[in-house]
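# Summary of structural features
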Amino acid sequence: GSAAGGGRPHANEVYMTYTRQPSLHRISTLLCYAPLLVAFYFASTRVVDNKHFPADIVGGAVLGGSVACWAHSIWFPASR
């Protein structure tokens, strides 16, 4: 019954979906953090192997984050 909400699911329906399948919710939450954890792993191994200075890693992270924010703002502009 979400006809009154304009086709969107009611908040209670969404809550029931996540409470019936809490493991699915946890897995999807962990998958959201996976790219960040992989990037952190690669960055730390580069420093430990003496292939990069820590400043290189921080600079790359700042540059990558800036480009990601810029690209996100192009595809998903803020509604005004």
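### Observations regarding the overall build of the protein chain
Each helix and strand counted, the protein chain has three helices and zero strands in total. Burial statistics for the protein chain: of 80 residues in total, 1% are counted as buried. About 7300 Å² of surface is accessible on the protein chain, with carbon and sulfur atoms providing 69% of the total.

### Points about a nonpolar patch on the surface
A cluster of nonpolar side chains, namely Leu 63, Val 67, Trp 70, Ile 74, Trp 75 and Phe 76, defines an oily patch on the protein surface of about 780 Å² accessible area. By the element assignment, Val 67 lies in helix α3 (residues 54-75). Among the residues examined, Val 67 registers a relative accessible area of 44% and is labelled partly exposed.

Definitions and cut-offs
- Residues numbered from 1 in each chain as written.
- Predicted model: local features only at pLDDT ≥ 70, side-chain atom pairs only at ≥ 80, totals over all residues.
- Heavy atoms only, no water.
- Helix = DSSP H or I, 4+ residues; strand = E, 2+ residues; numbered from the N terminus.
- Buried < 20%, exposed > 50% of the residue type's maximum accessible area, 1.4 Å probe, protein only.
- Areas by Shrake-Rupley, 256 points an atom, 1.4 Å probe, with all protein chains shown as cover.
- Patch = residues over 30% accessible without salt bridge, like charges linked within 9 Å, V, L, I, M, F, W, Y side chains within 5 Å.
- Salt bridge = Lys/Arg side-chain N within 4 Å of Asp/Glu carboxyl O.

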